[in-house]
Amino acid sequence: MSLIQPRTLKGFRDYLPAAMIPRERLMETARETFRSFGFAPIDTPTLEHLEILTGKGSEETDRQLYQFVDAGKRPVGMRFDLTVPLARFAAQHINELGTPFKRYHIAPVWRGENPQAGRYREFYQCDFDTIGTESVLADIEAVTVIDSLIRAIGIDAFTISINNRAILNGLLESLGLADKATPILRSLDKLAKIGLEATNAEMVNAAGITSEQADQVLGLAQCDGTAEQVFAKLPGILGDNEKANEGAARLREIYDGAIASGVSPDRIKIDVSIARGLDYYTGVIFETTLDELPGIGSICSGGRYDNLAGLYTKQHLPGIGASLGLDRLLSALETLERLSSNSKPCPVFIPFFDKDHRDDYLRLATNLRKAGIGTEVYPEPRKLKAQLKYADGHGFQYALIAGGNEWERGEVQVKVLAEKTSEDIAYQHDAPEKLIERLTTS
RNA sequence: GUGGUUGUAGUUCAGUUGGUUAGAACGUCGGAUUGUGAUUCCGAAGGUCGAGGGUUCGAGUCCCUUCAGCCACCCCA
């Protein structure tokens with residue numbers, strides 16, 4: 001009989017303990033941060049009716065959607081992001097939940113695109129959103145959450161770029177180009193990457209506008225520099241278009257509010273040329289890049305979408321939120337060599353040293369766990385040498401060695417693995433205090 | 001989805017203009033006086049050379065197809 005080759009699908013990956021431990025730690029950090037702002041957890045199904053998912057982002061996102069017909073002949077799709085399922089969820093449950101509704105959602109999503117460094121076909125997103133309020137306070141809070149989150153993860157060098165779609169839409173409106181907004185904005189998004197001339201050409205090409213019109217849109221590109229400089233230049237470019245100017249004023253308010261709530265000004269960049277591809281954004285939009293690794297792309301993006309739930313309900317449900325790309329961030333941390341290599345979930349290792357004392361090892365471990373000290377007992381009575389090698393290779397802090405002699409004396413040898421030192425500490429099953437004390441004070 | 005590039009033991013790689021039983025290092029496992037781990041010494045296991053087909057007397061080495069990784073485009077976390 002021939003063996004089946006063990007393999008995973010393209011863009012899908014296994015996670016070994018060394019990768020999974022920092023991954024779980026990141027999720028815990030995200031959970032704690034979201035909760036500290038009052039966001040509550042939800043979950044939604046992996047699969048949705050296909051009609052729920054299609055036509056929400058762009059043609060591109062529809063193309064990347066994993067879809068098939070289930071055994072009951074229903075067209076179904078795997079969720080592409082967590083925002084569209086949230087919109088459906090909100091339309092369905094908002095009456096029980098009330099507004100404003102703040103939730104976070106940490107779960108995998110699927111996109112059928114070609115993988116690359118930091119891009120996979122299955123990856124986790126950590127989303128947080130506030131539904132049911134148009135208040136600028138929610139916008140400000142979103143920026144603050146992103147800042148808190150990235151800092152809690154232990155990253156200091158990052159930049160949150162902020163813009164307001166209303167500025168772009170207002171400008172396009174006054175130029176009479178509103179109906180071509182999508183291709184124009186998509187081209188504009190490439191400005192930082194391909195430069196002014198190429199972007200102009202791209203707009204002419206993709207949106208079918210004249211080079212002069214493209215130049216007018218690209219006037220925005222001159223709006224660079226510090227936040228103050230950008231806000232000073234904006235009115236001259238936006239003219240008297242009401243929508244655009246209101247958008248600029250709101251952007252200013254968000255910026256000031258974020259600074260007031262403690263976000264460092266040098267971490268926020270007002271960038272009126274970012275547009276974001278997803279069509280459902282209507283207000284403020286943001287993306288977050290790592291200063292040390294900008295090439296990997298945005299690790300946390302989002303924005304305000306005032307119409308999304310309107311596809312599923314007549315109730316007006318505006319929302320704002322953002323998404324942390326967990327796997328992309330991990331990939332970045334890995335290339336920056338910022339991941340700890342410790343792959344063990346607990347600090348204490350007990351070798352199965354003397355067969356006659358098997359139950360003593362188990363009891364010892366139980367006593368330590370009761371005291372909150374994670375403990376692993378080796379399952380086989382192999383040579384001590386081999387067991388210590390295992391302990392050493394797996395990042396344990398302590399090995400507790402106890403053979404006949406130690407048990408007789410009422411002691412346990414505590415070996416500090418990293419320092420290669422050891423000392424005998426008094427221990428008996430009904431008097432574990434001394435040992436526990438030794439293990440909890442480093 | 002398009003284009004480029006790579007694919008040899010668990011890992012990182014060597015493998016001359018195609019020529020006999022495919023190598024190394026690290027890792028793994030075993031041993032070096034019967035109870036002590038990153039060093040040393042000895043030994044062993046582990047590869048249908050990503051997969052399939054073709055050219056050839058003969059292919060890891062050439063050609064085609066396919067799968068996967070990486071990079072670019074597209075898009076995006």
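Residues numbered from 1 in each chain as written. Chains lettered and ligands numbered in written order. Predicted model: local features only at pLDDT ≥ 70, side-chain atom pairs only at ≥ 80, totals over all residues. Heavy atoms only, no water.

This paragraph deals with the nonpolar core. The biggest cluster of nonpolar side chains holds 72 residues, and the ones touching the most others in it are Phe34, Phe128, Ile162, Leu234, Ile270, Phe286 and Leu329. Among the elements that make up this core, the one with the highest residue count is helix 5 (residues 136–153) (10 residues). The contacts of Ile270, once residues within four sequence positions are left out, are Ile162, Ala227, Val230, Phe231, Leu251 and Tyr255. Among the nonpolar cores identified, the runner-up in size contains 28 residues, and Val348, Ile350, Tyr361 and Tyr427 belong to it. (Core = buried A, V, L, I, M, F, W, Y, C linked by side-chain atoms within 4.5 Å. Buried < 20%, exposed > 50% of the residue type's maximum accessible area, 1.4 Å probe, protein only. Helix = DSSP H or I, 4+ residues; strand = E, 2+ residues; numbered from the N terminus. Contact = heavy atoms within 4.5 Å.)

This next bit is on the sheet that holds strand 14 (residues 398–401). Reading across the sheet, the 5 strands line up as 13-12-14-15-16 and stay open at both edges, with mixed pairing between neighbours. Where the open sheet ends on each side, the last strands, each with one partner, are strand 13 (375–377) and strand 16 (421–426). Taken pair by pair, the neighbouring strands of this sheet meet at an average axis angle of 25°, ignoring direction. Of the strand pairs in this sheet, strand 14 and strand 15 (residues 411–416) are connected by 4 bridges, and their pairing is antiparallel. Residue pairing for strand 15: Ile401 is matched across the bridge by Gln413. Here helix 17 (residues 433–440) sits on the sheet and contacts strand 12 (348–350), strand 14, strand 15 and strand 16; the angle it forms with strand 16, its principal contact strand, is near 150°. (Pairing = 2+ DSSP bridges. Axes fitted to C-alpha atoms, helices over the stretch in contact; angles between N-to-C directions.)

As a further point, take helix 10 (residues 211–218). Residues three or four positions apart in an α-helix share a direction because the helix packs 3.6 residues into each turn. Those residues of helix 10 not exposed but buried are Ala214, Val217 and Leu218. Within helix 10, the buried residues cover an arc of 95° as seen down the axis, which keeps them to one side. Buried residues in helix 10 make contact with helix 6 (165–174), helix 7 (181–188), helix 8 (191–194) and helix 9 (196–207). (Arc of directions from axis to C-beta.)

Another aspect to go through is the domain arrangement of chain A. Along its sequence, chain A is carved into domain 1 (17–335) and domain 2 (348–440). Computed over C-alpha atoms, the centres of domain 1 and domain 2 are 51 Å apart. (Domains from an automatic or database assignment.)

On to the pattern of salt bridges, then. Any two side chains of opposite charge can pair, so long as their charged atoms come close to each other. Applying the stated criterion across every chain, the model contains 24 salt bridges. A salt bridge links Asp327 to Arg13, with the nearest nitrogen and oxygen atoms 3.3 Å apart. Of this pair, Asp327 sits in helix 13 (residues 326–335) while Arg13 sits in the segment before helix 1 (17–36); the two residues are 314 residues apart in sequence, bridging distant segments of the chain. Arg13 sits in the partly exposed class, given a relative accessible area of 29%. With a closest N to O distance of 3.1 Å, Arg304 and Asp306 form a salt bridge. Across this residue pair, the class does not change: Arg304 and Asp306 are buried. Each of Asp139, Arg250, Arg304 and Asp306 takes part in salt bridges that share partners, so that together they form one network. (Salt bridge = Lys/Arg side-chain N within 4 Å of Asp/Glu carboxyl O.)

With that settled, consider the packing of helix 6 against helix 12 (residues 242–260). At their nearest, the axes of helix 6 and helix 12 sit 7 Å apart, and the two run at 165° to each other. One finds that helix 6 runs roughly antiparallel with respect to helix 12. Crossing angle aside, the handedness with which helix 6 passes helix 12 is left-handed. Along its contact with helix 6, which presents Ala166, Ile167, Asn169, Gly170, Leu171 and Glu173, the element helix 12 presents Lys243, Ala244, Gly247, Ala248 and Leu251. A breakdown of the residues in the contact of helix 6 with helix 12 according to their chemical character gives 6 nonpolar, 3 polar and 2 charged. (Parallel < 35°, antiparallel > 145°, perpendicular 65-115°, else oblique. Left-handed = near helix turned anticlockwise from the far one by under 90°. Nonpolar A, V, L, I, M, F, W, Y, C, P; charged D, E, K, R; others polar.)

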